[in-house]
Each structure stands twice: as C-alpha cells, then as structure tokens.
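# Observations on the model geometry
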Amino acid sequence: MSDATDTPGAGRPSVTAPTDRVPEGERALQGVEDSPGAEAKATAARRQRSPWLAAAAVMVVVSVAAVGVIIRERSSRDGSAAAAVSPTPFSDALIAGDSSKFIVDATIPDGTQVRVNSTFLKVWTLANVGKVDWHNRFLARTNPTADADGCKVPDRVPIGDTPPGDKVNISVQVTAPNHPGQCLVSWKMVDEHGQEFFPSRRPVYFMVNVIA
C-alpha cells in the first residue's frame, strides 16, 4: 500500500488510448501477421509447448507429494509416536529415589601439605538430595588392601542419619606415612554389608602431599 496522495499525474502511469494498445495472445499474432498461415503457425507453437507443460505439471505434483511424505514422517517422529516411546530415565541408585551430592571438602583440601607421621581429620560434606532417609550407612575405602605404606585410615567410617534435604559431615582420621610422597584414598557409600548405594558414581577421596 502506498502513502502517496491521489493527485492527478503524480506518480500514476499514463493511460493510453485504446488504439495505442498492443493486442495480447492470439489477437496479437493475428494483428501482427494478418496472413492465412498465421493461425496455423500459432496452433503449431501451442502444440509444441503442450508436452513440456504436461511434463512440468507432473513434476510439480510429484514434488508436492514427496514434501507431504517428508512432513508426515517428521510429524510422526516428533509427535505422538515419539511421546509413546519415551526413553526410561537413567538411575544409578541402589534404592529408587535415592541420591547424594558432594558439597565441599570441609577440611584438608586436595593438595594440602602434611608432615610425615602426622595425624589429621579429613571431613567431607555431602547432601541427601533424594527422597530416601539415610540410615546405617558408611563410607568404605575402595582399596582397603592397597597402599600399605601410605596413609593409615580405617576401612570404613559411619555416616550419620540424614533425612532428605539435609547435609551431613563425614569424618575420617588419617595418619600420614613415615616418608614423603603423595597419598590418595577413595571412598564409596555402602550399607552394613558393603553393598554400594551408588555403584556408578565417582568416589569421594582425599589427596595430600606428605613432606619431611
């Protein structure tokens, strides 16, 4: 739509007299070539174009049908069919609805330097972010028979009762070895029989640098 005012002669094409117009279509052919063979030539030209027009129409119909198939296929993938076959949520917990989250190293951050033969208290803070009460649980060392000459720790330490939504501090007493080096010990949450509550989760751990 134009915003120009409707003033005579302003931006409007001039209108030619009827005698100045060029005839269109067959009338144009007859006007230019007013001879007996003109109509026959026009008819032959139309017949030559007819097969090409028919082929073009067939191609358009086929293309539209193909697009319709693609759209229906995408609709079935993105619509009710996909909703009916939704994937099962992954759970790595021994008990449905159970979940934990590491919060912080409350003491002895990783890489802390400790003296040989020194004793220190390592504390982690975990949160119960699931829907299951934590009762009678422990942190168990994942390699209780390894590092015989490394840090001395108990094989497992208790975890206090923790309802959903609460946090808990878990402590382990550690004695550094009698020689310099690095000491790393990993732990997993288990029940009284040693069965892991979160088998595929990464363990919590501590790592210290022992110096002379």
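The model shown is predicted, which means the values in this text are computed figures rather than measured ones.

## Quick notes on the overall build of the chain
The number of helices and strands found in the chain is 3 helices and 8 strands. Starting at the N terminus and ending at the C terminus, the chain contains elements arranged as α-α-α-β-β-β-β-β-β-β-β. The buried share of the chain, reckoned over its 212 residues, is 25%. Only carbon and sulfur atoms are counted for the fraction: they give 57% of the accessible area of the chain, which is about 14900 Å².

## Quick look at unusual backbone geometry
At I108, a residue that is not glycine, the phi angle is positive and equals roughly 50°. Among the structural elements, I108 can be located in the loop between β1 (100-105) and β2 (112-115). On the basis of relative accessible area, I108 is assigned to the buried category, the value being 19%. Despite not being glycine, N136 shows a phi value in the positive range, around 55°.

## Quick notes on the sheet that holds strand β5 (residues 156-159)
Overall, mixed pairing links the 5 strands, which are arranged β2-β8-β7-β4-β5 in an open sheet. With partners counted over all chains shown, the strands left at the sheet margins are β2 and β5, one partner each. Neighbour-to-neighbour, the strand axes of the sheet open up by a mean angle of 35°, direction not taken into account. As paired strands, strand β7 (residues 181-190) and strand β8 (residues 204-211) are joined by 7 bridges and run antiparallel to one another. Following the sheet pairing, C183 is matched in β8 by V208.

## A look at the sheet that holds β1
On the basis of which strands lie adjacent, the open sheet formed by 3 strands has the order β1-β3-β6 and antiparallel pairing. Two strands in the sheet have a free side with no partner beyond their single neighbour: β1 and β6 (167-175). Ignoring which end each strand starts from, the neighbouring axes of this sheet average 30° apart. Note: strand β3 (residues 119-128) against β6, 9 bridges, orientation antiparallel. Directly across from K122, in β6, lies its bridge partner V172.

## A short note on the pattern of salt bridges
Under the criterion given, the structure shown has 3 salt bridges. In this structure, the salt-bridge partner of D105 is K122, at a minimum N-O distance of 2.8 Å. In this pair, D105 sits in strand β1 while K122 sits in strand β3, placing the two residues 17 residues apart along the sequence. Classification of D105 as partly exposed rests on a relative accessible area of 22%. When its relative accessible area of 0% is taken as the criterion, K122 is described as buried.

## Comments concerning the environment of N136
Of note, N136 is situated in the loop between β3 and β4 (137-141). Assessed through its relative accessible area of 34%, N136 is described here as partly exposed. Within polar-contact distance, the side chain of N136 engages the side chain of E192 at 3.2 Å.

## Things to note about the packing of aromatic side chains
Applying the stated rule across the entire model yields 2 aromatic pairs. Ring geometry for F120 versus F206: centroids 6.2 Å apart, planes at 90°, classification edge-to-face. Highlighted residues: F120 in strand β3 and F206 in strand β8, separated in sequence by 86 residues. The ring of F138 is capped by R156, whose NZ or CZ atom sits 4.0 Å from the centre of that ring.

The rules behind each value
- Residues numbered from 1 in each chain as written.
- Predicted model: local features only at pLDDT ≥ 70, side-chain atom pairs only at ≥ 80, totals over all residues.
- Heavy atoms only, no water.
- Helix = DSSP H or I, 4+ residues; strand = E, 2+ residues; numbered from the N terminus.
- Buried < 20%, exposed > 50% of the residue type's maximum accessible area, 1.4 Å probe, protein only.
- Areas by Shrake-Rupley, 256 points an atom, 1.4 Å probe, with all protein chains shown as cover.
- Pairing = 2+ DSSP bridges.
- Axes fitted to C-alpha atoms, helices over the stretch in contact; angles between N-to-C directions.
- Salt bridge = Lys/Arg side-chain N within 4 Å of Asp/Glu carboxyl O.
- Polar contact = N/O pair within 3.5 Å; in protein donor to acceptor, adjacent residues only side chain to side chain.
- Phe/Tyr/Trp six-rings, centres within 6.5 Å; stacked < 30°, edge-to-face > 60°.
- Lys NZ or Arg CZ within 6 Å of the ring centre and 35° of its normal.

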